[in-house]
Amino acid sequence: YKRQWHMRAWSGISVSGWWRALSQHQFRVSPSRLPMATLISGMSLLNSSLGVIQRMSFGKRIAATELIDEPIFVVGHWRSGTTLLHELLVQDAQFTYPSTYACFCPNHFLVSEWWLKRMIGLFLPRKRPMDNMAIGWDLPQEDEWALCNMGLPSPYRKIMFPNLPMHDREYQSLRELSPSAREHWLARFKWLLQALTVRE
């Protein structure tokens, strides 16, 4: 059946990430989307609160986790089969991967996945609207959504504000970033990989 509301990929965004996205786009939220913006604001408070619990519970363990192997990146144009390739790769038990839940809730998935995933599963669409591919909390997902929800600048913010100019183009390749901005991005990306490793 058709649901009235589905979760968005940025439903797991932190307060700081949501504030940056809003301010970057000058708080230009369409009146018809004010209820959605209000809901996301409330969810960001929950995400940041659970994030504090995750840092307290797993912060030291995440920081101490060694990344044994280099990550494998699946790179390709949209609609070129990257999702299928990603789903095939994760069938190999030697790999861990960013699940849809981890990417939607990167700030707290280690402390919330076992209970919150069940509660909000009703609001996850069963298929992607653009290509009818299945969606599931345990299926692999693009890590860029996790970075976006962690508050890092991301070209994916354009999807939140589709009628406004695109920001953060320099984060498409990282080549034009200042050394300090690149170092910060890499540190946060490493943290995500470490947290995913802890989950396994």
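Note that the coordinates shown come from a computational prediction; the quantities given were computed from them, not determined experimentally.

Turning our attention to the environment of Pro-155. Counting through the fold element by element, Pro-155 comes out in the loop between α6 (143-149) and α7 (157-160). Considered as a pair, Pro-155 and Ile-68 are 87 residues apart in the sequence and their alpha carbons are 29 Å apart. Contact partners of Pro-155, with chain neighbours within four places excluded, come to Glu-144, Met-166, His-167, Asp-168, Tyr-171 and Gln-172.

Assignment of secondary structure puts Asn-107 in the loop between α4 (100-104) and α5 (109-120). Residues in contact with Asn-107, not counting those within four places in the same chain, are Gly-12, Ile-13, Ser-14, Asn-47, Leu-50, Gly-51, Gln-54, Asn-149 and Met-150.

Before going further, it helps to examine unusual backbone geometry. A positive phi angle, close to 55°, is found at Gln-26, a residue other than glycine. Within the secondary structure layout, Gln-26 lies in the loop between α1 (15-24) and α2 (34-64). In this structure, Asp-168 takes a positive phi of about 65° despite not being glycine. Inspection of the secondary structure puts Asp-168 in the loop between α7 and α8 (179-199). Look at Asp-168 and you get buried, because its relative accessible area is 10%.

Let us look at the packing of aromatic side chains. Within this structure, the stated rule accounts for eight aromatic pairs. When the centroid spacing of 5.5 Å and the interplanar angle of 85° are considered together, the rings of Phe-104 and Trp-137 count as edge-to-face. Of this pair, Phe-104 sits in helix α4 while Trp-137 sits in the loop between α5 and α6, placing them 33 residues apart in sequence. Grouped by ring-pair contacts, the aromatic residues Trp-10, Trp-78, Trp-145 and Tyr-156 constitute a single cluster. Above the ring of Trp-191, the side-chain terminus of Arg-188 is found at 5.3 Å from the ring centroid. In this structure, Arg-199 packs its charged tip against the face of Tyr-97, placed 5.7 Å from the ring centre.

It is worth spelling out α2 at this point. Helix length check: α2, at 31 residues, gives a terminal C-alpha distance of 42 Å against a target of 45 Å (1.5 Å per residue), a fit within 8%. At Phe-58, α2 is bent by approximately 65°, the largest bend along its length. Among all positions in α2, only Met-36, Ala-37, Ile-40, Ser-44, Asn-47, Leu-50, Gly-51, Gln-54, Phe-58 and Ile-62 are buried. Among the structural elements, α1, α5 and α8 are those in contact with the buried residues of α2.

Moving on, we come to the packing of α2 against α5. At a minimum axis distance of 8 Å, the contact between α2 and α5 shows a crossing angle of 120°. Relative to α5, the element α2 is oriented oblique. Listed contacts from α5 to Leu-50, Ile-53, Gln-54, Ser-57, Phe-58 and Ile-62 of α2 are Phe-109, Leu-110, Val-111, Ser-112, Trp-115 and Leu-116. Considered class by class, the residues forming the contact of α2 with α5 number nine nonpolar, three polar and no charged.

What counts and how
- Residues numbered from 1 in each chain as written.
- Predicted model: local features only at pLDDT ≥ 70, side-chain atom pairs only at ≥ 80, totals over all residues.
- Heavy atoms only, no water.
- Helix = DSSP H or I, 4+ residues; strand = E, 2+ residues; numbered from the N terminus.
- Contact = heavy atoms within 4.5 Å.
- Buried < 20%, exposed > 50% of the residue type's maximum accessible area, 1.4 Å probe, protein only.
- Phe/Tyr/Trp six-rings, centres within 6.5 Å; stacked < 30°, edge-to-face > 60°.
- Lys NZ or Arg CZ within 6 Å of the ring centre and 35° of its normal.
- Expected span 1.5 Å × (residues − 1).
- Bend = angle between axes of the 7 residues up to and from the residue.
- Axes fitted to C-alpha atoms, helices over the stretch in contact; angles between N-to-C directions.
- Parallel < 35°, antiparallel > 145°, perpendicular 65-115°, else oblique.
- Nonpolar A, V, L, I, M, F, W, Y, C, P; charged D, E, K, R; others polar.

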